[in-house]
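In case you want the letters, here they are:
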Amino acid sequence: MAVLEAKNLGIAFGGLRALQDVQFSIGEKEIIGLIGPNGAGKTTVFNLLTDVYVPTEGTITLENQNIVGKKTYQITQGGISRTFQNIRLFKDISVIDNVKIAMNFQMKYSVLSGIFRLPAYRREEAQVAKRAHELLQVFNLDEKSEDLAKNLPYGQQRKLEIARALATNPKVLLLDEPAAGMNPTETKELMETIRLIRDRFGIAILLIEHDMNFVMGICERIYVLDYGKVIAEGNPEEIRNNPRVITAYLGGE
Ligand SMILES: Nc1ncnc2c1ncn2[C@@H]1O[C@H](COP(=O)(O)OP(=O)(O)OP(=O)(O)O)[C@@H](O)[C@H]1O
């Protein structure tokens, strides 16, 4: 069954049709790549999936529920979480607090019990702290939980961003260029981390990435966008040998 599905998706910015008739379907626990030349519309797809933009036409369903028109926080609660091309962390607070803040909106205690630090609040705080540490352990970041986020090396900041995205218990995780700016060792480690996340959390992952070795090495299926349209879909082998994809990347006729 598809966890996330888009049909006939389109959006125009002024006169520019950034996406047109885009279809895709992501099954449970699949790792899917979304690739294409610069400006093809990849980030716009993510922005439609998370309500940054509302599509001009088409539908998006998460576990068969239409999510078009829902607010970003409702989509997060529904089960879609994302990271960004440029790392977005609270750089001047600790690693653990970055994760706790991401978890916070799920907490259920009342404002009063928070102000007076009543037992319900303290219990929930303790649970949040425990879960935050567990998440950091998955990423081998627990030893750095009290460090300021800005003091982590780049590769670890990327991991922390993914940990934050996982803090909301998503069913689908969207990663926008997770390997950007990483050295080969960090990239290899990230591939292992992404597989681990899928296996451990049992979630589907849709990722945008320009590093072809990364995409081909980790994705089970790939969608290729060019000028706002899906021009190919298939496994890495099929995509690598697809003449339309080769042409799109080489910029030929
Ligand atoms: N808010 C906006 N207003 C106007 N045009 C936009 C807006 N957002 C995106 N676009 C345009 O839509 C097209 C697709 O952009 P998008 O950022 O989705 O491409 P991309 O495939 O993610 O590119 P890159 O690989 O360079 O990040 C581009 O022509 C871009 O200029």
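Residues numbered from 1 in each chain as written. Predicted model: local features only at pLDDT ≥ 70, side-chain atom pairs only at ≥ 80, totals over all residues.

**Quick look at the site of the ligand**
And then number 1: Lining the immediate environment of the ligand, one finds Phe13, Leu16, Ala18, Gly36, Asn38, Gly39, Ala40, Gly41, Lys42, Thr43 and Thr44.
And then number 2: Every element with two or more residues in the shell around the ligand is listed here: strand S2 (16-27) and helix H1 (42-49).
And then number 3: Broken down by element, the residue count for the shell around the ligand peaks at 3 residues, all from H1.
And then number 4: Considering only residue class, the shell around the ligand consists of 4 nonpolar, 6 polar and 1 charged. (Near = placed C-beta within 6 Å. Helix = DSSP H or I, 4+ residues; strand = E, 2+ residues; numbered from the N terminus. Nonpolar A, V, L, I, M, F, W, Y, C, P; charged D, E, K, R; others polar.)

**Section: the packing of helix H6 (residues 154-166) against helix H7 (residues 184-201)**
And then number 1: Remark: H6 packs on H7, axes separated minimally by 11 Å, with the N-to-C direction vectors making an angle of 15°. Judged by the angle between their axes, H6 and H7 are roughly parallel. Considering the relative orientation of H6 and H7, their crossing is right-handed. Here H6 contributes Gly155, Arg158, Lys159 and Leu166 to the contact with H7, which in turn contributes Glu186, Glu189, Leu190, Thr193, Ile197 and Phe201.
And then number 2: Grouping the constituent residues of the contact of H6 with H7 by class yields 4 nonpolar, 2 polar and 4 charged. (Axes fitted to C-alpha atoms, helices over the stretch in contact; angles between N-to-C directions. Parallel < 35°, antiparallel > 145°, perpendicular 65-115°, else oblique. Left-handed = near helix turned anticlockwise from the far one by under 90°. Contact = placed C-beta atoms within 7 Å.)

**Quick look at the nonpolar core**
The nonpolar side chains of soluble globular proteins are, as a tendency, buried together.
And then number 1: In terms of nonpolar packing, the biggest core is built from 68 residues, with Ala163, Val172 and Ile205 touching the most fellow members.
And then number 2: Residue-level mapping places this core at the junction of two domains, with at least three residues from each of domain 1 (1-79 + 169-253) and domain 2 (92-163).
And then number 3: In this view, Ile205 contacts Ile31, Ile32, Leu173, Leu175, Ile194 and Arg198; residues no more than four positions away in its chain are not counted. (Core = buried A, V, L, I, M, F, W, Y, C linked by C-beta atoms within 7 Å. Buried ≥ 20, exposed ≤ 12 C-beta atoms within 10 Å, placed from the backbone. Domains from an automatic or database assignment.)

**Let's talk about the sheet that holds strand S7 (residues 172-176)**
And then number 1: With respect to topology, 6 strands assemble into an open sheet ordered S6-S7-S8-S3-S9-S10, the strand pairing being mixed. With one partner strand each, in any of the chains shown, strand S6 (80-82) and strand S10 (229-234) form the two edges of the open sheet. Neighbour-to-neighbour, the strand axes of this sheet turn through a mean angle of 20°, independent of strand direction.
And then number 2: Looking at chain direction, strand S9 (residues 221-226) and S10 are connected through 5 bridges and run antiparallel. By the bridge assignment for S10, Tyr223 is matched with Glu233.
And then number 3: Running at roughly 130° to S10, helix H10 (residues 243-250) makes contact with S9 and S10 of the sheet. (Pairing = 2+ DSSP bridges.)

**Thoughts on unusual backbone geometry**
Residues other than glycine predominantly adopt negative phi, and peptide bonds predominantly adopt the trans conformation.
And then number 1: A positive phi angle, close to 65°, is found at Asp51, a residue other than glycine.
And then number 2: As for its placement among the helices and strands, Asp51 is situated in the loop between H1 and strand S4 (57-62).
And then number 3: Phi at Asn169 is positive, roughly 60°, even though this residue is not glycine.
And then number 4: Counting through the fold element by element, Asn169 comes out in the loop between H6 and S7.
And then number 5: For Asn169, a count of 14 C-beta atoms within 10 Å translates into the label partly exposed.

**Digging into the environment of Ile194**
And then number 1: Within the element layout of this structure, Ile194 appears in helix H7.
And then number 2: Taking the C-alpha atoms as reference points, Ile194 and Lys7, separated by 187 residues in sequence, lie 27 Å from one another.
And then number 3: In this view, Ile194 contacts Ile31, Ile205 and Ile218; residues no more than four positions away in its chain are not counted.

**Describing the sheet that holds S4**
And then number 1: If you walk across this open sheet you meet the 4 strands as S2-S1-S4-S5, and the pairing is antiparallel. The outermost strands of the open sheet, each flanked by one partner alone, are S2 and strand S5 (65-66).
And then number 2: In the sheet, strand S1 (residues 2-13) pairs with S2 via 8 bridges, with the strands oriented antiparallel. Within the sheet, the bridge partner assigned to Ala6 lies in S2 and is Phe24.
And then number 3: Relative to the sheet, H1 contacts S1, S2 and S4, its axis offset from that of S2 by approximately 70°.

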